[in-house]
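# Descriptive structure summary
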Amino acid sequence: MVARYLDVHPVNPQPRLIGQVVTSLTDGGVIAYPTESGYALGCTMANAAGRERLAGIRALRKGHLYALMCADFTQLGPLVTMPNRYFRAVKAAEPGRFTFVLKGSREVPRRLLDEKRKTVGIRLSSDPVVHAILAGLGEPMLTTSLILPGEDLPLTDGWQVQEQLGHLVDVVIDTGECGHEPTTVIDLTGDEPEILRRGAGDPARFEDE
């Protein structure tokens, strides 16, 4: 079976095509989709088999910290507990350029949390296509950057994704030019922010906390 390849408008995504993506996700599918920081893989939070497929594609080790892609703070809020001193900095952070590590709430399935620390990665996206998918889904999406084994950067071209992974995912979304710089990863679970990876987002506001 070859993945469905969808040519989606990057600013005004076609509702019919977004509907096909959402249907695939709710039916247990795995999608490859473009973000501000390169392609990512996604499935629903409840899809345990989908998470295993994500791990298999990326050859991830047990204990890998997955992220939840959220459209906004309305979706993010119930999933995490966040110290008040960090709330304003996170809200002011430019969407799409950061992944935040936060304490997960009871709303997050236990298998998605770090086994020892009970943390989860959170991403906020400013991408219209990602927003449309999340709006149709009605909840955040389990996600991980599409960085293939042995590579340092995520894939950025839809046709390349289709050629290499079309037999491993159910839908590939192409919106044209895609970002390539990974997110800046910041751990906000301690007394001080910890920069785990420097990338697209400027961490200066967190270093001043």
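Up top is the structure these notes are about.
Model, not experiment: these values are computed from the prediction. (Residues numbered from 1 in each chain as written. Predicted model: local features only at pLDDT ≥ 70, side-chain atom pairs only at ≥ 80, totals over all residues. Heavy atoms only, no water.)

Along its twelve residues, helix H1 (residues 15–26) runs 16 Å from first to last C-alpha, staying within 8% of the 16 Å computed at 1.5 Å per residue. Residues of H1 that are buried: Leu 17, Ile 18, Val 21, Val 22, Ser 24 and Leu 25. Along the axis of H1, the buried residues cluster in a sector spanning 160 degrees; they form a single face. Across H1 from its buried face, at more than 90 degrees, point the exposed residues Pro 15, Arg 16 and Thr 26. Close packing links the buried residues of H1 with strand E1 (4–7), strand E2 (31–35), strand E3 (38–44), helix H5 (128–137), strand E8 (141–145) and strand E9 (171–174). Following H1 by one or two positions, Gly 28 adopts a phi angle in the positive range, close to 100 degrees. (Helix = DSSP H or I, 4+ residues; strand = E, 2+ residues; numbered from the N terminus. Expected span 1.5 Å × (residues − 1). Buried < 20%, exposed > 50% of the residue type's maximum accessible area, 1.4 Å probe, protein only. Arc of directions from axis to C-beta. Contact = heavy atoms within 4.5 Å.)

On to unusual backbone geometry, then. Despite not being glycine, Ala 59 shows a phi value in the positive range, around 55 degrees. If you trace the backbone, Ala 59 turns up in the loop between helix H2 (48–58) and strand E4 (67–70). Using a relative accessible area of 51% as the deciding quantity, one classes Ala 59 as exposed. Here Lys 118, not a glycine, exhibits a phi torsion of approximately 60 degrees, which is positive. Along the polypeptide, Lys 118 turns up in the loop between strand E6 (98–104) and strand E7 (119–124). Looking at Lys 118, the relative accessible area reads 35%, which means it is partly exposed.

A separate point is the packing of aromatic side chains. Evaluated as defined, the whole model comprises five aromatic pairs. Relative to Phe 87, the ring of Phe 73 lies with its centre 5.2 Å away and its plane at 75 degrees, an arrangement referred to as edge-to-face. Taken together, the residues Phe 73 in helix H3 (residues 73–76) and Phe 87 in helix H4 (residues 84–92) connect sequence positions 14 residues apart. Overall, the relative accessible area of 37% leaves Phe 87 in the partly exposed class. (Phe/Tyr/Trp six-rings, centres within 6.5 Å; stacked < 30°, edge-to-face > 60°.)

Let us look at the environment of Arg 106. For Arg 106, the position within the fold is in the loop between E6 and E7. The class for Arg 106 is exposed, based on a relative accessible area of 87%. Between the alpha carbons of Arg 106 and Leu 165 there is a distance of 34 Å; along the sequence they are 59 residues apart.

Within the secondary structure layout, Asp 174 lies in strand E9. Although Asp 174 lies buried, it forms no salt bridge, and the closest oppositely charged side chain, Arg 16, sits 15 Å away as judged by the N-O distance. At 2.3 Å, the side chain of Asp 174 and the side chain of Tyr 5 are in polar contact. For Asp 174, the contacting residues outside a window of four places in its chain are Tyr 5, Leu 6, Asp 7, Val 8, Tyr 39, Gly 158 and Trp 159. (Lys, Arg positive; Asp, Glu negative; His and termini not counted. Salt bridge = Lys/Arg side-chain N within 4 Å of Asp/Glu carboxyl O. Polar contact = N/O pair within 3.5 Å; in protein donor to acceptor, adjacent residues only side chain to side chain.)

To continue, consider empty space enclosed by the protein. Under the counting rule described, the total for this entry stands at one cavity of 30 Å³ or more. Within this model, the largest cavity holds a volume of roughly 40 Å³. Counted by class, the lining of the largest cavity contains six nonpolar, one polar and one charged residues. (1 Å grid on protein atoms, 1.4 Å probe; cavity = no way out; pocket = protein on both sides within 12 Å on 5 of 7 lines; lining within 4 Å. Points joined across faces, edges and corners; volume = space filled by probe spheres on them. Nonpolar A, V, L, I, M, F, W, Y, C, P; charged D, E, K, R; others polar.)

Right, let's talk about the pattern of salt bridges for a bit. In this structure the tally under the stated criterion is three salt bridges. For Arg 53, the salt bridge goes to Asp 170, with nearest N and O atoms at 3.0 Å. Of this pair, Arg 53 sits in helix H2 while Asp 170 sits in the loop between helix H6 (158–165) and E9, placing them 117 residues apart in sequence. Residue classification places Arg 53 among the partly exposed residues on the basis of a relative accessible area of 28%. On the basis of relative accessible area, Asp 170 is assigned to the buried category, the value being 17%.

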